[in-house]
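Residues per chain are reported as follows:
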Amino acid sequence: MAAAIDIQGLSYAHDQHANSANYSLRNVELQLPRGSRTVLIGANGAGKSTLLQILAGKRLVNSSKVLIFDRDVFRDSPPGVTFLGTEWAMNPVVRGDIVVSHFLDSVGGYRHKERRDKLLDILDVDLDWHMHQISDGERRRVQLCMGLMAPWDLLLLDEVTVDLDVLVRDHLLNFLIDESEQRGATILYATHIFDGLNAFPTHIAHMRDGTFVIPPVAWPSILETAPTAKTALPGSSLHAIALNWLKEDREIRRNEERAGKRVQTRGARKNGVTSDSEIFYKKYDYSH
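So, a few notes on the structure that sits alongside this text. The structure displayed is predicted, hence computed values, not measured ones.

**What to know about the nonpolar core**
No. 1: In this structure, Leu 123, Val 142, Leu 148, Leu 176, Phe 200 and Ile 204 are the most contacted members of the largest nonpolar core, which totals 46 residues.
No. 2: Where this core is concerned, the elements lending two or more residues are strand S3 (37-41), helix H2 (100-106), helix H3 (113-122), helix H4 (136-148), strand S7 (154-158), helix H5 (166-183), strand S8 (186-190) and helix H7 (237-258).
No. 3: With 6 residues, H5 is the single largest residue contributor to this core.
No. 4: If you look at the next biggest cluster of nonpolar residues, it comprises 28 residues, including Leu 10, Leu 30, Leu 40 and Ala 190.

Okay, structure coming up:
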């Protein structure tokens, strides 16, 4: 059976004229089996969002290095791929005076009534809500209901649970586990929220500077070689591993800055403007 995701030697730059040092992704290798649930761990700017957007076909790469279910993402786009990111809820269109029931029907809710109703219950969404009157968290729940109604084979989640309260998030994660185990659906989930996530993944992976430091490894088997996690509080071992990896990332970055291998701009002048808050705001002090 073909892997759900198969990426070979993928490099990508937002600016086509950028040199290799400024690539967003560098020589990425990724293979994920069907039915897996992978949590993608990495600091801001590690390349997680770019990778997910490429897998979703939102960014073009000029090669055949990105396969989903053995099909080229750009030249033979596979069906059943769903991408959910944070930008959706900020779109002015979805903040208009639209009743949720009409909104969901406009994207085919009536065709998936059983799944729609199940998700309405899981996400605690009211069909009578008006999109312009609800909170960001409620709007996020509508997005999830809309995006998950139609059965999907690959789900790409980019920080999309950030607005959810802990109860709704727990119900959602349990729903996704059921989808994976019962239908063989595959999930790749980038997040910075690790509390309560221990029971979710089948694999975890670590990205740094646009590449995989640790490609997907089976969870929780990695605990056998992760001493930091062994001493963590019950239920927090994934959080402990993520924290340790991110600390390592920051220390490596700072060592590179000290060695001159990376330009440091924090606290330094750039284009004539300092990022040192005390110096910056001193010119606006009119007390003297």
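Continuing now.
**As for the packing of H4 against H5**
No. 1: Orientation of H4 relative to H5, taken along the N-to-C sense of each, is 10°, at an axis distance of 12 Å. In terms of orientation, H4 and H5 fall into the roughly parallel class. The residues of H5 that touch H4, namely those facing Arg 141, Leu 144 and Leu 148, are Val 168, Leu 172, Phe 175 and Leu 176.
No. 2: Class assignment for the residues of the contact of H4 with H5 results in 6 nonpolar, no polar and 1 charged.

**Some details on the sheet that holds strand S6 (residues 81-85)**
No. 1: Within the open sheet, the 6 strands sit side by side as S6-S7-S8-S3-S9-S10. Their pairing is mixed. With one partner strand each, in any of the chains shown, S6 and strand S10 (211-218) form the two edges of the open sheet. The average angle at which neighbouring strand axes cross in this sheet is 15°, direction not considered.
No. 2: Pairing of S3 with strand S9 (residues 203-208), which is carried by 4 bridges, proceeds in the parallel orientation. Pairing of Thr 38 across the sheet is with His 203, part of S9.
No. 3: Across the sheet, helix H1 (residues 48-55) lies against S3, S6, S7, S8, S9 and S10, angled at about 150° from S7, the strand it touches most.
No. 4: Packed onto the sheet, H5 meets S3, S7 and S8 and runs at close to 130° relative to S3.

Conventions we followed
Residues numbered from 1 in each chain as written. Predicted model: local features only at pLDDT ≥ 70, side-chain atom pairs only at ≥ 80, totals over all residues. Heavy atoms only, no water. Core = buried A, V, L, I, M, F, W, Y, C linked by side-chain atoms within 4.5 Å. Buried < 20%, exposed > 50% of the residue type's maximum accessible area, 1.4 Å probe, protein only. Helix = DSSP H or I, 4+ residues; strand = E, 2+ residues; numbered from the N terminus. Axes fitted to C-alpha atoms, helices over the stretch in contact; angles between N-to-C directions. Parallel < 35°, antiparallel > 145°, perpendicular 65-115°, else oblique. Contact = heavy atoms within 4.5 Å. Nonpolar A, V, L, I, M, F, W, Y, C, P; charged D, E, K, R; others polar. Pairing = 2+ DSSP bridges.

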